[in-house]
Amino acid sequence: QVQLVESGGGLVQAGGSLRLSCTASGHTFSTYGMGWFRQAPGSEREFVAGISWYGAMTNYADSVKGRFTISRDNTKYTVYLQMNSLKPEDTAVYYCAARKVGTTAARGGYDYWGQGTQVTVSS
């Protein structure tokens, strides 16, 4: 079982930046694919970004490509989401997820989920 704890959410003005962090329990972190998802009020949860087990592959939703960057530090059991040029439509609860199959930067098939962190972008 993997436990994921997100941090770094908050309120920011449009055009600003935030960095989300997600720290995992356990010593198998480096074998997992990791991802970030988000869910806005009244909407379904959607894929934001994914990264393979050693970070060689990344994958992004079109809506965030060029603005968000996913990265990981396996020595710290942590995955990051750097969010730049934030827009009001980025407002959502952001979730970290882990996938047992870590060889790709997948958009689905995640096994473990964090509790989420709120990101609010004001106009």
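Not measured: the values here are computed from a predicted model. Within each chain, residue numbers correspond to sequence positions counted from 1 in written order. In view of the model being predicted, local features appear only for residues whose pLDDT reaches at least 70, and side-chain atom pairs are presented and counted only at 80 or more, with totals across whole chains, interfaces and linings using the full set of residues. The basis for the side-chain values is all heavy atoms of the structure; hydrogens and waters are excluded.

Draft legend 1. Main features of the nonpolar core. Residues Leu 4, Met 34, Trp 36, Val 79, Leu 81, Met 83 and Tyr 94 are the most contacted members of the largest nonpolar core, which totals 35 residues. Beyond its immediate stretch of four places on either side in the chain, Val 79 contacts Leu 20, Ser 21, Cys 22, Phe 29, Met 34, Trp 36, Ile 51, Ile 70, Ser 71, Arg 72 and Cys 96. Working definition of a nonpolar core: buried Ala, Val, Leu, Ile, Met, Phe, Trp, Tyr and Cys residues. They are joined through side-chain atoms within 4.5 Å. The cut-offs for exposure are 20% and 50% of the maximum accessible area for each residue type, with area from a 1.4 Å probe on protein chains only; residues under the lower value are buried, those over the upper are exposed, and the others partly exposed. Pairs of residues are marked as contacts when any of their non-hydrogen atoms sit within 4.5 Å.

Draft legend 2. Representation of the environment of Thr 28 within the structure. Helix and strand assignments come from DSSP, with helices taken as H or I runs of at least 4 residues and strands as E runs of at least 2, each series counted from the N terminus. Mapped onto the secondary structure, Thr 28 falls in the loop between strand 3 (18-24) and strand 4 (33-39). Between the C-alpha atom of Thr 28 and that of Tyr 77, which follows or precedes it by 49 residues, the distance is 8.8 Å.

Draft legend 3. Quick look at the state of the cysteines. Pairs of cysteine sulfur atoms within 2.5 Å are what we label disulfides. Applying the stated criterion across every chain, the model contains 1 disulfide. Paired by a disulfide, Cys 22 and Cys 96 hold their sulfur atoms 2.1 Å apart. Handedness here is read from the sign of the S-S torsion; for Cys 22 and Cys 96, about -75 degrees, the answer is left-handed. Of this pair, Cys 22 sits in strand 3 while Cys 96 sits in strand 9 (residues 92-99); the two residues are 74 residues apart in sequence, bridging distant segments of the chain. You can call Cys 22 buried: its relative accessible area is 0%. Under the relative-accessibility criterion, Cys 96 is labelled buried at 0%.

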